[in-house]
Amino acid sequence: MPELPEVETVRRGLDQSVAGGQLHRLTLARPDLRVPFTPGMARRLEGKRLDSVGRRAKYLLLRFDSGDTVILHLGMSGRIRVGKPGKISQEKHDHAVFSFNGAEMRFSDPRRFGLMVLAKETELAEHPLLAGIGPEPFSDAFSAHYLSEALAKRRGPVKTALLDQKLIAGVGNIYACEALFRAGIHPETPCHQTTEKTEIIIASIRAVLGEAIDSGGSSLRDYVQANGEMGYFQHHFRVYGREKKPCITCNKPIHAQRQAGRSTFFCPVCQPCR
DNA sequence: AACAAGACCTGCATGC
DNA sequence: TGCATGCAGGTCTTGT
């Protein structure tokens, strides 16, 4: 479900609504997410203040004043809702309820691809979930030089590479398709043939992610912002989910195909091979 | 090392 | 109406 823009939107919502508050209770409805989160871990956090909410790739980082950090991933179907205690509807797949004074935050995830784990702030950088992740797309480290070197080593299709979190953090299926459309690059182009185009690839990724964040993310099935509002970037998709619909640039039909088990959408005219 | 495919789950839309 | 099928924002593991 959520890619970088959705996670970042949720992060901003949480940083405004619950950060700074003291966690007085953490209730676990069912611990069997991808990784178990134990009652002992919950007790360790109770009474602590949530200092800030950060993000790395698609992971939310809930930093507590005790030096503990909850690493939270929304998986495909995860949602976080915040509201006044008792005012948020309970849902079947609510896995964790964070109770603050005056605010309650519920983490639900029907498919349970998401996770919550506890880590020491000082060990975050080396944490197995985070250690191998590539540069954030808006960081200086995500440079034309870096990307050229990385793409030159690969033979596989460029679209699949953009989904690799080791190469770049936070891009998922929707925004990989959208970025390549903006760059005018066919998704099957072998990586090593795109090394001259890294400037436009980077600019396209930043543009689409930035616009999506400004729109509060994309709401398809599950995703809503922490305050319950919908994102609306889905109305700005140029290729994703638009199979057989006219390309907004050339009017020819958008194609769909599978790449590495994921749906890819592109315009064969505006995104020629190479 | 890079890559593809399968596995992990539930819910929903579609078609018979 | 019911049932089977396929698909969905992700990532981890396995095998080539």
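Here the structure is a predicted model, which means the values were calculated and not measured.

Rules used throughout
- Residues numbered from 1 in each chain as written.
- Chains lettered and ligands numbered in written order.
- Predicted model: local features only at pLDDT ≥ 70, side-chain atom pairs only at ≥ 80, totals over all residues.
- Heavy atoms only, no water.
- Phe/Tyr/Trp six-rings, centres within 6.5 Å; stacked < 30°, edge-to-face > 60°.
- Pairing = 2+ DSSP bridges.
- Helix = DSSP H or I, 4+ residues; strand = E, 2+ residues; numbered from the N terminus.
- Axes fitted to C-alpha atoms, helices over the stretch in contact; angles between N-to-C directions.
- Salt bridge = Lys/Arg side-chain N within 4 Å of Asp/Glu carboxyl O.
- Buried < 20%, exposed > 50% of the residue type's maximum accessible area, 1.4 Å probe, protein only.

Draft legend 1. How the structure looks around the packing of aromatic side chains. The final tally for this structure, using the stated rule, is five aromatic pairs. Between phenylalanine 237 and tyrosine 240 the ring centres are 5.5 Å apart and the planes differ by 80°, which places this aromatic pair in the edge-to-face class.

Draft legend 2. Looking closely at the sheet that holds strand β4 (residues 68-73). Overall, antiparallel pairing links the four strands, which are arranged β2-β3-β4-β8 in an open sheet. Across the chains shown, the open sheet's two edge strands, defined by having one partner strand only, are β2 (50-56) and β8 (115-120). Ignoring strand direction, the axes of neighbouring strands in this sheet form an average angle of 25°. The pairing of β2 with strand β3 (residues 59-64) spans six bridges and is classified as antiparallel. Across the sheet, residue valine 53 finds its bridge partner in β3, namely leucine 62.

Draft legend 3. Seen up close, the pattern of salt bridges. Enumeration over the complete set of coordinates arrives at 20 salt bridges. Of the charged contacts in the structure, one is a salt bridge between arginine 154 and aspartate 164, with a shortest N-O distance of 2.4 Å. Of this pair, arginine 154 sits in the loop between α3 (144-152) and α4 (158-162) while aspartate 164 sits in the loop between α4 and α5 (173-183), and the two are 10 residues apart along the sequence. Accessibility expressed as a relative area gives 26% for arginine 154, which makes it partly exposed. Between lysine 166 and aspartate 164 there is a salt bridge whose closest N-O contact spans 3.6 Å. Assessed through its relative accessible area of 57%, lysine 166 is described here as exposed.

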